[in-house]
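Below, each chain spelled out in residue letters.
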Amino acid sequence: MLALVYYRLSNLFYFENVLTLQAFAWGLITLGEICFIVKWFFGQGTRWRPVVREVFLDNITCQDSQLPALDVMVFTANPKKEPIVDVMNTVISAMALDYPTDKLAVYLADDGGCPLTLYAMEEACSFAKLWLPFCRKYGIKTRCPKAFFSPLGEDDRVLKNDDFVAEMKEIKLKYEEFQQNVNLAGESGKIKGDVVPDRASFIKVINDRKMENKKSGDDITKMPLLVYVSRERRFNSRHHFKGGSANALLRVSGIMSNAPYLLVLDCDFFCHDPTSARKAMCFHLDPKLSPSLAYVQFPQVFYNVSKSDIYDVKIRQAYKTIWHGMDGIQGPVLSGTGYFLKRKALYTSPGLKDEYLISPEKHFGSSRKFIASLEENNGYVKQEKLITEDIIEEAKTLSTCAYEDGTRWGEEIGYTYNCHLESTFTGYLLHCKGWTSTYLYPERPSFLGCAPVDMQGFSSQLTKWVAALTQAGLSHLNPITYGMKSRIKTIQCLCYAYLMYFSLYSWGMVLHASVPSISLLLGIQVYPEVYDPWFAVYVLAFISTILENMSESIPEGGSVKTWWMEYRALMMMGVSAIWLGGVKAIVEKIIGTQGEKLYLSDKAIDKEKLKKYEKGKFDFQGIGILAVPLITFSALNLVGFMVGANQVILTMKFEALLGQLLVSSFFVFVVITVVIDVLSFLKDS
């Protein structure tokens, strides 16, 4: 790569006139190669010291009564895009975790304030009173009802005895009744199922575990604390999307249960391994790791990925390579869902015991009850007390729009408001403060989510991610200027730079998808001749890149076909979703509209789209502008290749044009099948 840079720059100065088209094309292709090289350099941080971890639950020597308390935080925002029954399945699976019930609390943050969601949660609680004892009695591992009655729960449904079969049938009928009640309530309009954008805060304790314990001392029937939280939303107040919802829930849970550890889940990611909390505690209770450990991250695994995975929704490069690589330095990225977080890490730096209590009202607001909850060992909330009306009223105050005014919430305290990817950027700032994290990729997925099954769903999500990361990379908190001066390690800074400047890949792709082909049309040479020794450098760079990519993809449970699908998807997205995400971030930075809008991904799955996806057929419905660069660059490369090949045939001289022909043909070869699908899809439409 150093040789390529030397070759490009040294030859650039040989042009007699740098204003010619050839010099301009040479400069652009040089810029594209530099983009690839810088991205590669940042990526070496993720290859520096990869670590794969394993846990042994038997090594936890303390009794269940000595385990730390755990608050589960589930987030939902729009019932139209996030099916309510699926959200309730996530809530029920969290309630069914294999963890001491008196140490477990589950909160649902409904940022849509939908009455139907509240009704569904009450119905889910009633069903859970049957479901939890059933799971505990028979040692069920698949504790999400929807998953249990699907092929995912086949092993758990293996015939055990007649009593099990009878109870399972009864449970299934109750689950179907639960679904029908929720669906009918929404369809009939009896209970409103729309988002309420302007509303006061509303909090309801659906199940108080202390009240349940008074009724029954039987461990098998105990239920955890279950709370519904809808914070205040006003048209004239900034709400900071999921970050604002998370901070409101931090405060509410702080005066209700105040567990020292949090499990954070998106509404479409249910708990698939009931022992995940205990596995996380293997790290949090390790005296060597615990003092500086902020969170334990689990991978995002999807249950509906097709065999061909044409959109690369697994993102294997991230969860199989990058996260393991960062784990060997200071820890993986905070990935938005499926992580166990130390509450105190959101308030202070490691080793600074009471730093945040020096001026608590300035940092945390005026609530005395919440400030009292910050005391060491969670001294304010007594586990044996019921949640009173006074506490609920205080919780409503803590979740109002005005509470954060004049405080450090979203800046120094809690989840950051500096980026739409609030979790990822918060994790980065935790590392900057000196906190560490760990990554566990267990054989049985601890959490399972639902992946998008069409091009529009995945590409729009990817565009949103890239735009948010690029915005973070362009901010004053970027890893180059801010990160290097903080307590974060230099190699860790490279890893974050790789993520925040990932759009560099797209700029390199766009330049390589356009400049060589246009140069073929204009008769301009931008690569060395075949017999030039420098041509061998380009061949080596290309081959080594492919081999490196294959070496990381195939050994991790993949195949050549898997690698090919991932590589094709990366090239497709590189000239469409990733590029447009980077452009969006730059434009918004220039005109100053960052952070004003956020588009929620649609989690509802269309059955027709699912059928196409399972057959390995692309679905381009609704992708709009994303199809334009994909078709344009593919057509440009196809035309350029045909014109260049024609010139070679007529002149019988291929030495000067072979490099450009290879680049154009490779792009066409990788993407042309997708373009054919796009055109046929548009024709059928």
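Residues numbered from 1 in each chain as written. Predicted model: local features only at pLDDT ≥ 70, side-chain atom pairs only at ≥ 80, totals over all residues. Heavy atoms only, no water.

Some details on the UniProt feature "transmembrane region" (unreviewed entry) in the protein chain
- Under the UniProt annotation, the feature "transmembrane region" (unreviewed entry) is placed at residues 20-42, 493-513, 533-550, 623-645 and 657-682.
- Taken end to end, residues 493-513 is 90% helix and 0% strand, and its first and last C-alpha atoms sit 30 Å apart.
- Secondary structure across residues 623-645 divides into 83% helix and 0% strand, with the first and last C-alpha atoms of the span separated by 33 Å. (UniProt positions renumbered as here; feature names shortened; annotations may be inferred. Helix = DSSP H or I, 4+ residues; strand = E, 2+ residues; numbered from the N terminus.)

Notes on the sheet that holds strand β8 (residues 301-302)
- With mixed pairing, the three strands of this open sheet are ordered in space as β6-β11-β8. Every interior strand has two partners, whereas the edge strands, β6 (270-271) and β8, have only one.
- Here β6 runs beside strand β11 (residues 447-449); their pairing, made up of two bridges, is antiparallel. Bridge assignment links F270 to a residue of β11, and that residue is L448. (Pairing = 2+ DSSP bridges.)

Here's the deal with the sheet that holds strand β2 (residues 104-110)
- Ordered in space as β3-β4-β2-β1-β5-β9-β7-β10, the eight strands form an open sheet in which the pairing is mixed. The strands lining the two open edges of the sheet, one partner per strand, are β3 (202-207) and β10 (436-439). Recorded for the sheet is a direction-independent mean angle of 20 degrees between the axes of neighbouring strands.
- Across seven bridges, the pairing between strand β1 (residues 70-76) and β2 is parallel. Within β2, the position partnered with F75 by the bridge is A109.
- The sheet strands contacting helix α8 (residues 241-256) are β1, β2, β3, β4 (225-230) and β5 (261-266), and the helix crosses β1 at an angle near 145 degrees. (Axes fitted to C-alpha atoms, helices over the stretch in contact; angles between N-to-C directions. Contact = heavy atoms within 4.5 Å.)

A look at the domain arrangement of the protein chain
- Taken domain by domain, the protein chain consists of domain 1 (1-46 + 471-684) and domain 2 (67-451).
- The gap between the C-alpha centroids of domain 1 and domain 2 is 38 Å.
- With 47 residues of domain 1 at the interface, the matching set in domain 2 holds 47 residues.
- Both faces combined, the contact of domain 1 with domain 2 buries some 4,100 Å², and carbon together with sulfur accounts for 60% of it.
- On the surface where domain 1 and domain 2 come into contact, there are one salt bridge.
- One salt bridge connects R316 with E566, and the closest N-O pair in it is separated by 2.4 Å. (Domains from an automatic or database assignment. Buried area = accessible area lost by both parts, 1.4 Å probe. Salt bridge = Lys/Arg side-chain N within 4 Å of Asp/Glu carboxyl O.)

Looking at the confidence of the model for the protein chain
- Per-residue confidence for the protein chain averages 87 on the pLDDT scale, and 91% of its residues sit at or above 70.
- pLDDT under 50 marks residues 378-382. Its contacts with residues more than four places away, or in other chains, come to twelve contacts. (pLDDT = per-residue confidence, 0-100.)

Points about the pattern of salt bridges
- Under the counting rule described, the total for this entry stands at 22 salt bridges.
- Where D194 meets K80, a salt bridge forms, and the shortest distance between an N and an O atom there is 3.5 Å. In this pair, D194 sits in the loop between α6 (162-188) and β3 while K80 sits in the loop between β1 and α3 (84-95), placing the two residues 114 residues apart along the sequence.
- Accessibility expressed as a relative area gives 56% for K80, which makes it exposed.
- As a salt-bridge pair, D86 and K146 come within 3.0 Å of each other at their nearest N and O atoms. Linking D86 in helix α3 with K146 in helix α5 (residues 145-148), this pair joins segments that are 60 residues apart in sequence.
- Take D86: its relative accessible area is 26%, and that puts it in the partly exposed class. (Buried < 20%, exposed > 50% of the residue type's maximum accessible area, 1.4 Å probe, protein only.)

Examining the environment of K344
- Following the sequence through the fold, K344 ends up in the loop between β9 (339-342) and α11 (360-364).
- Judged by its relative accessible area of 27%, K344 is partly exposed.
- K344 sits 83 residues away from Y261 along the chain, and the two C-alpha atoms are 8.4 Å apart.

Concerning the UniProt feature "binding site: UDP-alpha-D-glucose" (unreviewed entry) in the protein chain
- The UniProt entry lists K81, E82 and D111 under the feature "binding site: UDP-alpha-D-glucose" (unreviewed entry), expressed in the numbering used here. Of the residues just listed, which span 31 residues, no C-alpha pair is farther apart than 12.8 Å, and they cluster in one region.
- By the secondary structure assignment, K81 is in the loop between β1 and α3.
- Mapped onto the fold, E82 is located in the loop between β1 and α3.
- By relative accessible area, which is 4% here, E82 ends up buried.
- Separated by 2.7 Å, the side chains of E82 and T76 make a polar contact. (Polar contact = N/O pair within 3.5 Å; in protein donor to acceptor, adjacent residues only side chain to side chain.)

Concerning the packing of aromatic side chains
- Taken as a whole and judged by the stated rule, the model has 44 aromatic pairs.
- Between F270 and Y303 the ring centres are 5.9 Å apart and the planes differ by 40 degrees, which places this aromatic pair in the tilted class. Of this pair, F270 sits in strand β6 while Y303 sits in the loop between β8 and α10 (316-327); the two residues are 33 residues apart in sequence, bridging distant segments of the chain.
- Judged by centre distance (6.3 Å) and plane angle (85 degrees), the rings of Y439 and Y441 are edge-to-face. (Phe/Tyr/Trp six-rings, centres within 6.5 Å; stacked < 30°, edge-to-face > 60°.)

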